[in-house]
Amino acid sequence: MRISQENFLTAFNNKKLICGALKYAHVYPSSSNYEDYFQEGVLVYAHLLEIYKDKERSEIDKLAFNKIVWKITDELRKLMRNKERNVNFDDAMEVAEKISWDNLVWLEFEVEKMTELEKTIFFEHLIGRRTITALATECNVTRKHLQTIKRKLLTHLAQAMK
């Protein structure tokens, strides 16, 4: 949808509402992405001004505040999810770098001692790169429980290799 210049300027000039929504979503001016989130807030607000031309400004302001908070929260969740995937891959690569071909017999012995959940995490998550969230729903356990098992498994494998 095309946003008119008037609505864009109205949204941009209502910095107090947008900054308040960012603060409510725990995004502060010291954040490196603050300006990006501010611009996103301006666009969301201007878009709502375009859609709801017939509503009162106070109603649009309330709706815009909530919409900005949810939009920014969603963006922050996506960012955290991507960081989590990168960290998990880095952990797996660290373990993989330490394993040489000579240690494959040792690894096979360690895999035999693993529980089913540990095997699932090792093969599906660490090697197959599936997300912990997907494995948690598939195995009917909490995500936190799988994260705990994964941390213990990585610690155990690192200690066993020494």
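This section reports on the structure supplied with the text. Because the structure is predicted, anything quoted here is derived from the model rather than measured.

Before going further, it helps to spend a moment on the nonpolar core. As a rule of thumb, nonpolar side chains are buried together in soluble globular proteins. In this structure, A11, I18, L22, V27, Y45, I68 and I72 are the most contacted members of the largest nonpolar core, which totals 21 residues. Broken down by secondary-structure element, the contributors of at least two residues to this core are α2 (15–24), α3 (34–51) and α4 (57–98). Looking at this core, the element that brings in the most residues is α3, giving 9 residues. Apart from residues no more than four positions distant in its own chain, I68 is found in contact with L17, I18, A21, G41, V44 and Y45. The next biggest cluster of nonpolar side chains, apart from the first, holds 14 residues, and it includes F122, L135, L146 and L154.

Considering all chains together, one arrives at 3 aromatic pairs under this definition. When the ring of F12 is compared with that of F38, the centres are 6.2 Å apart and the planes differ by 80°; the resulting orientation is edge-to-face. In this pair, F12 sits in helix α1 (residues 5–13) while F38 sits in helix α3, placing the two residues 26 residues apart along the sequence. Residue F12 is classed as partly exposed on the basis of its relative accessible area, which comes to 33%. Pairing F122 with F123 gives two aromatic rings, centres 5.2 Å apart and planes at 80°, and the pair type is edge-to-face. Geometry around Y52 places K55 over its ring, the cationic atom sitting 4.7 Å from the centre.

The residue N14 is located in the loop between α1 and α2 in this model. The exposure class of N14 is buried, given its relative accessible area of 15%. The residues contacting N14, other than those within four sequence positions of it, are Y45, R57 and D61.

Reading the values: the criteria
Residues numbered from 1 in each chain as written. Predicted model: local features only at pLDDT ≥ 70, side-chain atom pairs only at ≥ 80, totals over all residues. Heavy atoms only, no water. Core = buried A, V, L, I, M, F, W, Y, C linked by side-chain atoms within 4.5 Å. Buried < 20%, exposed > 50% of the residue type's maximum accessible area, 1.4 Å probe, protein only. Helix = DSSP H or I, 4+ residues; strand = E, 2+ residues; numbered from the N terminus. Contact = heavy atoms within 4.5 Å. Phe/Tyr/Trp six-rings, centres within 6.5 Å; stacked < 30°, edge-to-face > 60°. Lys NZ or Arg CZ within 6 Å of the ring centre and 35° of its normal.

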